[in-house]
Amino acid sequence: MIEHLLAGSSAVLSWWPLAAIVAGLMIGIVVGAIPGLSPSMGVALLVPFTYGMSPMLALILLLAIYIGASYGGSITAITINAPGTASAVVTAIDGHAMTRQGRPARALGISIVTSAVAGMLGTLVLMLFSQPLAAIAVTFHPAEYFALALFGLATISSLAGANWLKAFIAAIIGLLINTIGTDPISGADRFTFNYTPLSDGFLLIPALIGLFALSEVFSRIEQRDFRRKRLDEVQDSWPGFVTYWQLKWVTLRSALIGTLIGIFPGAGATIASFISYDIAKKQSQTPEQFGQGSDEGVAAAEAANSGSVGGAMVPLLTLGIPGSATTAVLVGAMMIHKLNPGPQLFLSSPELMYGLFAAMLLANLALLLVGLAGSRLWIRVTDVPKPVLFVLISLMAVIGAYSVRHSMFDVFCCLGFGILGWILKRKDYPLAPVILGMVLGSIAETNFRRAVMMDGYDVFFTRPISAVLLILALASFIIPLIRMHRSTTRDPSL
Amino acid sequence: MPLPVLQRLRLPFWLCALLLLWSCQSLQAEELAATDDFPTQPIRIVVYTSPGGLIDLTARRFAEIARRYSNGVPFVVINRPGGGGIVAFEEALQRPADGYTLLAVTRSNISKMVATGREDLIEQLDWHSYLMHNPHVLITNSTSGLDSWQALYQDAIQKGDRQLWLGADIGGVKHVSGVKMAKQAGIQMRWIPYSSGGQAIAALLGNMGDAYLGNPRDALASNDLTLVAVAASERLAEFPDAPTFHELGIPGLEQELIWRGFALRQGVPESIRQWYSQLIYQVSQDPDWQASWANEGVSLQYKDSQAFHQLVERDTREFQYYLTEIGLLRQPGERSSLLAGVGEQQARQFFTASLLLINAVLALVLFRSSWRAHASELMILSGITSLALLFYGMTTSLPPPSSVDVVGAQGVPRLWIYLLLPLALYQVALILRHPKKNRLRKRPRLLFRFLSAMLCYVLLIPILGYWLASLLYLPAGLYLLKYRQPRAMLLLTAGWLLFSYWVFQRLLYVDLPSGLLV
């Protein structure tokens, strides 16, 4: 393997691949940062430009975009509370809290460094263990996917703290919204009122833009919060090495969680970031800071998100099976370049595979440089006069929601979700659980029904992984209930 | 003049503003530019799926090679996923019949249009060229011991209706093929739908099911996978060991395939149709095109419009028959009523009306009572609960659980509703028992004004077009939020319009609405 890796690295270390990495990262970061453009759209957009390139160069460019876009979503999450991708929702919780405290540089610094480090760790795992991991990924029964989704939902209790009850109501709103549309198992129309645009249900991206970006704008306008925020010069310095070193365990753990969950086709970065945030909070010395601008919160979310890129590449490279929207585009791109992703690719062109691994490592290193340089620019966003910022966000929301599938219906949905988000936020209902419900709803439902169709109801308890995950999920659901009951009986002010 | 800031502005400012208005107008008119020679601008290939997947790949490979024969005019693949093709079809039908929109189509579209009662879309298209097809195949995982059709058959006889076939769709081409295969072979199978072929293959590799029904190339994912039967008249050159159903003594499965081709909207001038016929034929003969499909079990067969139309008609009839048999075809008339589902018409209307009435009365009472400070929060909960109850009522008309789909389409939504109701009641109880001292907030006047401006903007986009509506909204929104720097406003407006034109319209091929005025 070492000699393949060395051969691969030497192919990557020349001008063109390096230029492709930097260009890809920059495009990816911009795509990820614009709400409404997803990493898969970014990669698909660039596929035609790679026709004339060698397969290696083409894939390096596309992978760099994927890596850049996975990080880019966190920039707008931190600076303006408008996560560009669903997985950046968790980053927004603490990242934007830090911005509101006048410390955006700290949040941006932590997010870029943990992203890059976790990206490299994910790549290392991919390089060393892709074959055994792929073998594990395919043995995941639908019952276990269901249990994983429930476990993801249970993280809400730790996400919300004292607001536990409202958070669960918010999550169920998301789950119910998710049931609107064509039923994935029976094909029947559910709650669509026979209205064609509803047959695919409410799309995630317009909902995400509305719930986060628009509701934030509406709340700030309501509070007439137009002051230009002076950055806190004393507190807001770029974090130093000591800070990162203190976050080493959170980063490492979250990166591994992200990579592991990333390998399961269809699970993805969003569950990974919620679960690792939950675990980070439970393991933390200062769990009370989570949600109020915790360094560990940002690190956990970002590391899991970036780690999942390496994980998602496992089934793609070993079996040719795409586990996410972006890897599906990558399969197409590989086939256009006459490469058949799958087990034979490792045998037929090992130098290409190891070249790609080397390129992914290098791209994460470059992400650190490009991202840190870019962050100094992004931070200026917080300096833009608020009226200008608010109007621009509303314009971006409209065009972003429209471009998902060219429909004014989505624009109205986006505005509707914005108003819903504003109303909920006004009454202290957290918004992240709504998105979590929308993402996990269909994973939970389809796998629950598939599992029962295959092996009956018993299967959830006879398979060990599923049983353990379900018990853990139930515990995280029940424990806060007991705690809250105790605290309300003791302290009537709650 | 009511706006004193505007009085200070001089001629150059107004000239710039006029220039901006003019460019918006011309942007909207741009699409109508007449063309004599075809083609003079990039041609769009609309794909009905997200990027990735075989039809997207077909379109992209075609785009790459077709450029050689189109005098350098590029082909651009744009993805319009949604409704199994309905979104893409509707988009192609809305665009002018100038031949600049080519629709990449597959047999799945026919089954989807039939299943959703949208045969009108099939009739409105010009099924221009048939490019290729590949047969459906049954793949098994040899580590499970099922490494031949005979083994799979014996297993099915033993298991009764518990043999699991995995596949990518519900009520689609593959599902129908599976039903036909089982019927012809005289066995029973349980169809387990997955959201993508990749996920289904992964499940087969993990031995979650007994067989997978899909495309031949799916067998390349692992050496453990065996192609046990091919639904074609001859064996595939790439998989010479895999027998056809005919050889196995099972007739009537020679045409179980998925085809791919191109369609135009009807009304495209004959000269342009001819141009496409020639181009698509040339591409189909191109050695690189042919080489790119080698080893994938695909047969490249060019068919002209007439043959393609006949095939589409035949497939439409076939899907009508089989989808009715599976029980997936909606009854005609179901589309007419808005609230199909709450049960009997009157019961449903009564239910909806009473929910509305209860909420209205509750709102009236609460906002005038001593609970005023909590009224909005209680109304949120009441609204959510009412909506959940409405959904619950609608679940009664969903397909009930069956021996195969034990949970049924109603199970999971009901579960969420059962969870929501006690939580919402508990929250209400908490508010009533321990009312926090909420201070009454002032009416957010500024926000309501801004919201109205945004709503007007969104409503005006389809009428005035994106450019004019944005030109009006941007300065108006800034002015509302008390921003008073006309030059910066002008620059911002121009900057935004340029950005949205270059990034969205030109680079991403997002057709921003051009409005009714043009």
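Residues numbered from 1 in each chain as written. Chains lettered and ligands numbered in written order. Predicted model: local features only at pLDDT ≥ 70, side-chain atom pairs only at ≥ 80, totals over all residues.

### Comments concerning the overall build of chain B
- In terms of regular secondary structure, chain B is built from 18 helices and eleven strands.
- Referenced to the eigenvectors of the C-alpha coordinate spread, the extents of chain B come out at roughly 85 × 70 × 40 Å.
- Taking all 518 residues of chain B together, 42% fall into the buried category.
- For chain B, the share of sequence-separated contacts (at least 6 apart) that also reach a separation of at least 24 residues comes to 73%. (Helix = DSSP H or I, 4+ residues; strand = E, 2+ residues; numbered from the N terminus. Buried ≥ 20, exposed ≤ 12 C-beta atoms within 10 Å, placed from the backbone. Contact = placed C-beta atoms within 7 Å.)

### Some points on unusual backbone geometry
- Positive phi outside glycine occurs at Phe191 of chain A, with the angle close to 50 degrees.
- Here Phe191 of chain A lies in the loop between strand E2 (189–190) and helix H10 (204–222).
- Overall, the presence of 20 C-beta atoms within 10 Å leaves Phe191 of chain A in the buried class.
- If you check the backbone angles, Lys482 of chain B has positive phi at about 65 degrees while not being a glycine.
- Checked against the element boundaries, Lys482 of chain B lands in the loop between helix H17 (466–480) and helix H18 (486–507).

### Description of the nonpolar core
- Ranked by size, the top nonpolar core spans 318 residues in total, and within it Leu62, Leu63 and Ala363 of chain A together with Leu103 of chain B carry the most contacts.
- Not counting the four nearest positions on each side in its chain, Leu62 of chain A is found in contact with Val43, Leu46, Thr50, Leu330 and Ala333 of chain A. (Core = buried A, V, L, I, M, F, W, Y, C linked by C-beta atoms within 7 Å.)

### A closer look at the sheet that holds strand E9 (residues 225–230) of chain B
All names here are of chain B.
- A sheet is described by the order of its strands in space; here five strands give the open sequence E7-E6-E8-E5-E9, paired in mixed fashion. Among the strands making up the open sheet, the edge pair consists of strand E7 (190–193) and E9. Across the sheet, the mean angle separating the axes of adjacent strands is 30 degrees when strand polarity is ignored.
- The sheet contact formed by strand E6 (residues 164–167) and E7 spans four bridges and is parallel. By the bridge assignment, Leu164 is partnered in E7 with Arg190. (Pairing = 2+ DSSP bridges. Axes fitted to C-alpha atoms, helices over the stretch in contact; angles between N-to-C directions.)

### Focus on helix H12 (residues 248–262) of chain A
Residue and element names in this part refer to chain A.
- Between the first and last C-alpha of H12 there are 21 Å, a value that for 15 residues agrees with the 21 Å anticipated at 1.5 Å per step.
- Among all positions in H12, only Val250, Thr251, Ser254, Ala255, Ile257, Gly258, Thr259, Leu260, Ile261 and Gly262 are buried.
- Residues of H12 that are buried in the fold lie against helix H6 (104–138), helix H13 (268–283) and helix H14 (295–319). (Expected span 1.5 Å × (residues − 1).)

### Quick word on the UniProt feature "transmembrane region" (unreviewed entry) in chain B
Residues and elements named next belong to chain B.
- The sites that carry the UniProt feature "transmembrane region" (unreviewed entry) are, in the present numbering, residues 350–366, 378–395, 415–434, 446–468 and 488–504.
- This span, residues 415–434, is 95% helix and 0% strand, and a straight line between its end C-alpha atoms measures 29 Å.
- In residues 446–468, the share of helix is 96% and the share of strand is 0%. The end C-alpha atoms are 24 Å apart. (UniProt positions renumbered as here; feature names shortened; annotations may be inferred.)

### Here's the deal with the domain arrangement of chain B
- Each assigned domain of chain B is listed with its residue range as follows: domain 1 (4–30 + 444–507), domain 2 (43–134 + 258–326), domain 3 (137–255) and domain 4 (345–433).
- On a C-alpha basis, the centres of domain 2 of chain B and domain 4 of chain B stand 45 Å from each other. (Domains from an automatic or database assignment.)

### Side note on the pairing of strand E4 (residues 125–135) of chain B
All names here are of chain B.
- Of all eleven residues in E4, ten are buried, a share of seventy percent or more.
- Note: E4 against strand E10 (residues 257–265), nine bridges, orientation antiparallel. Along E10, the bridge assignment pairs Asn134 with Ile258.
- Where E4 and strand E11 (residues 299–303) come together, three bridges link them in antiparallel fashion. Along E11, the bridge assignment pairs Met132 with Leu300.

### Digging into the interface of chain B and chain A
- Residue-level contacts link 90 residues of chain B with 84 residues of chain A.
- Tallying contributions element by element places helix H15 (residues 408–433) of chain B first for the side of chain B that touches chain A, with ten residues.
- Partitioned by chemical class, the residues of the side of chain B that touches chain A number 58 nonpolar, 20 polar and twelve charged. (Nonpolar A, V, L, I, M, F, W, Y, C, P; charged D, E, K, R; others polar.)

### Side note on helix H16 (residues 445–464) of chain B
Residue and element names in this part refer to chain B.
- Its 20 residues place the ends of H16 27 Å apart at the C-alpha level, agreeing with the 28 Å of an ideal helix rising 1.5 Å per residue.
- Within H16, burial applies to Phe450, Leu451, Met454, Tyr457, Val458, Ile461 and Leu464.
- Residue Gly465 follows H16 closely and has a positive phi angle near 95 degrees.

### Quick word on the confidence of the model for chain A
- Residues of chain A with pLDDT of at least 70 account for 96%, and the chain-wide mean is 86.
- Mean pLDDT across the elements of chain A bottoms out in helix H8 (residues 156–160) of chain A (77) and peaks in helix H19 (residues 408–426) of chain A (94). (pLDDT = per-residue confidence, 0-100.)

### Quick notes on the packing of H10 of chain A against helix H20 (residues 432–455) of chain A
All names here are of chain A.
- Their axes nearest at 11 Å, the elements H10 and H20 cross at an angle of 175 degrees. Here H10 lies roughly antiparallel to H20, going by the angle between them. From H10, Leu204, Ala207, Leu208 and Leu211 reach across to H20, where they touch Val434, Ile435, Met438 and Val439.
- In the contact of H10 with H20, the residues fall into eight nonpolar, no polar and no charged. (Parallel < 35°, antiparallel > 145°, perpendicular 65-115°, else oblique.)

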